[in-house]
Amino acid sequence: MSQSEVARRFNLAKRTRTPEVTDPAGVPPPSWRRRLLPLATRLAPETAARVLARRYLRPNVALLGDPDAVARWGTVVRPVPGLTLLRRPAAAGPKAPRVLIAPGLNGHFRQFTRLAGVLGDAGLTVDFLVLPGHGHPGEDLCGLNQIVSALEAATQQDRYHGIVAHCVSANAALLVPATSDPLPRLALVSAPLDLPRLIRLGGTQYGLTGHCLDRFCHHVSALGAPWPTDSPWQPGALAREDSLLMVHGRHDDAAPPEDLAQMAEVAPRTRIALFENGGHNSILTMHAPCTQLADFMRP
């Protein structure tokens, strides 16, 4: 796609995009908490911001809590040091190239059912990364540092043909320190290139404003140390631009598609696939984006 065509579609997206807003932590607080929140933000804005920042980064999914659901997804649990992967073996056999799917915060393997199937049909074994805090209830927080570390550990354990990373994991994939043996393929889906803005959107969905919202964003960023939310993704993109694909939906309000113009400027050889339909999460269920991802990953 030429840069002029990219710019044209970004402008179209900006004029016509419809909102797709989701609760930042998946499940809204009980009504009594909603009633108390405005009072708490006025009387103790620092405390409220700190508590909500931790809630924002505390996963509300327990992917390993239902073994039957894991089995129905066609996977086996594959522990590696410090991590858990869910593996869907390819029909091509144990020597089939492997692709790692890295979900976003609160991401569930069910979101990736269509993509995993299409990748399997392309002769690829699929590993799904269970991010820190996402395995069982009550586990630890999952900030940017935990996601970067998990991706780094996973790629050190296995030689992957490529990674498909969604949402915040897309940012994290660009921050993973480069190795002497880089991945042949990296695909970023619904990548929020302006991550501080995404965190701010999460705070506004809690009803935060003003100083309390600013402190919420600060605490979320600090909890991801040593990777604050404004960590520069540009060096990672430039290093990978020849093997990088970005897949985005036009109706993505969490990660506005016009931001992809930054990628076209920083790493002009990056492949950009902007689809006229689909939002931040729904693009994962669409045939055309999943097919493009499989074609990109195909050995």
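Structure: above.
Peer 1: Please clarify how the packing of helix 5 (residues 113-121) against helix 12 (residues 287-297) should be interpreted in this entry.
Peer 2: A packed helix pair is summarised by two numbers, namely the angle formed by the two axes and the spacing between the axes. The geometry of helix 5 relative to helix 12 is characterised by a closest axis approach of 9 Å and an angle of 40° between their N-to-C directions. Taken together, helix 5 and helix 12 sit at an angle that is classed as oblique. Seen along the crossing, helix 5 lies across helix 12 with a hand that is right-handed. Contacts between helix 5 and helix 12 involve Arg-114, Leu-115, Val-118 and Leu-119 from the first element and His-287, Cys-290, Thr-291, Leu-293, Ala-294 and Met-297 from the second. Its residues placed into classes, the contact of helix 5 with helix 12 shows 7 nonpolar, 2 polar and 1 charged.

Peer 1: What exactly am I supposed to notice about the pattern of salt bridges here?
Peer 2: Pairing between side chains of opposite charge can happen when their charged atoms approach one another. As enumerated under the stated definition, the model contains 12 salt bridges in all. Note that Arg-50 and Glu-46 form a salt bridge whose closest N and O atoms lie 3.9 Å from each other. With Arg-50 and Glu-46 both in helix 3 (residues 45-56) and 4 residues apart, the pair spans about one turn of that helix. In this structure Arg-50 comes out as partly exposed when scored by relative accessible area, which is 38%. Between Arg-269 and Asp-242 there is a salt bridge, and its shortest N-O distance comes to 2.5 Å. Taken together, the positions of Arg-269 in the loop between helix 11 (260-266) and strand 8 (271-275) and Asp-242 in the loop between helix 10 (234-240) and strand 7 (244-249) put the pair 27 residues apart, joining distant regions of the chain. Here Arg-269 and Asp-242 have matching classes, each one exposed. Salt bridges linked by common partners bring Arg-78, Arg-87, Arg-98, Asp-127 and Asp-158 together as one network.

Peer 1: Explain the environment of His-287 to me, please; I cannot follow it from the model alone.
Peer 2: Mapped onto the elements, His-287 comes out in helix 12. Residue classification places His-287 among the exposed residues on the basis of a relative accessible area of 53%. It is 7.7 Å that separates the C-alpha atoms of His-287 and Arg-114, two residues lying 173 residues apart in sequence.

Peer 1: Quick question: what am I supposed to make of the pairing of strand 8 here?
Peer 2: Consecutive side chains of a regular strand alternate in pointing toward one face of the sheet and then the other. For strand 8, the tally of buried residues reaches 4 of 5 residues, placing the bulk of the element in the interior. Sheet analysis places strand 7 next to strand 8, joined by 5 bridges and oriented parallel. By the bridge assignment for strand 8, Leu-245 is matched with Arg-271. Crossover handedness for the path strand 7 to helix 11 to strand 8: right-handed.

Peer 1: Would you mind going over helix 9 (residues 210-223) with me for this structure?
Peer 2: Turn by turn, an α-helix covers 3.6 residues, leaving residues three or four places apart pointing in a common direction. If you check helix 9, its first and last C-alpha atoms are 20 Å apart, about what 14 residues at 1.5 Å a residue would give, namely 20 Å. Taken together, the buried positions of helix 9 are Cys-212, Leu-213, Phe-216, Cys-217, His-219, Val-220 and Ser-221.

Cut-offs used in this document
Residues numbered from 1 in each chain as written. Predicted model: local features only at pLDDT ≥ 70, side-chain atom pairs only at ≥ 80, totals over all residues. Heavy atoms only, no water. Axes fitted to C-alpha atoms, helices over the stretch in contact; angles between N-to-C directions. Helix = DSSP H or I, 4+ residues; strand = E, 2+ residues; numbered from the N terminus. Parallel < 35°, antiparallel > 145°, perpendicular 65-115°, else oblique. Left-handed = near helix turned anticlockwise from the far one by under 90°. Contact = heavy atoms within 4.5 Å. Nonpolar A, V, L, I, M, F, W, Y, C, P; charged D, E, K, R; others polar. Salt bridge = Lys/Arg side-chain N within 4 Å of Asp/Glu carboxyl O. Buried < 20%, exposed > 50% of the residue type's maximum accessible area, 1.4 Å probe, protein only. Pairing = 2+ DSSP bridges. Right-handed = clockwise from strand over helix to strand, strands pointing away. Expected span 1.5 Å × (residues − 1).

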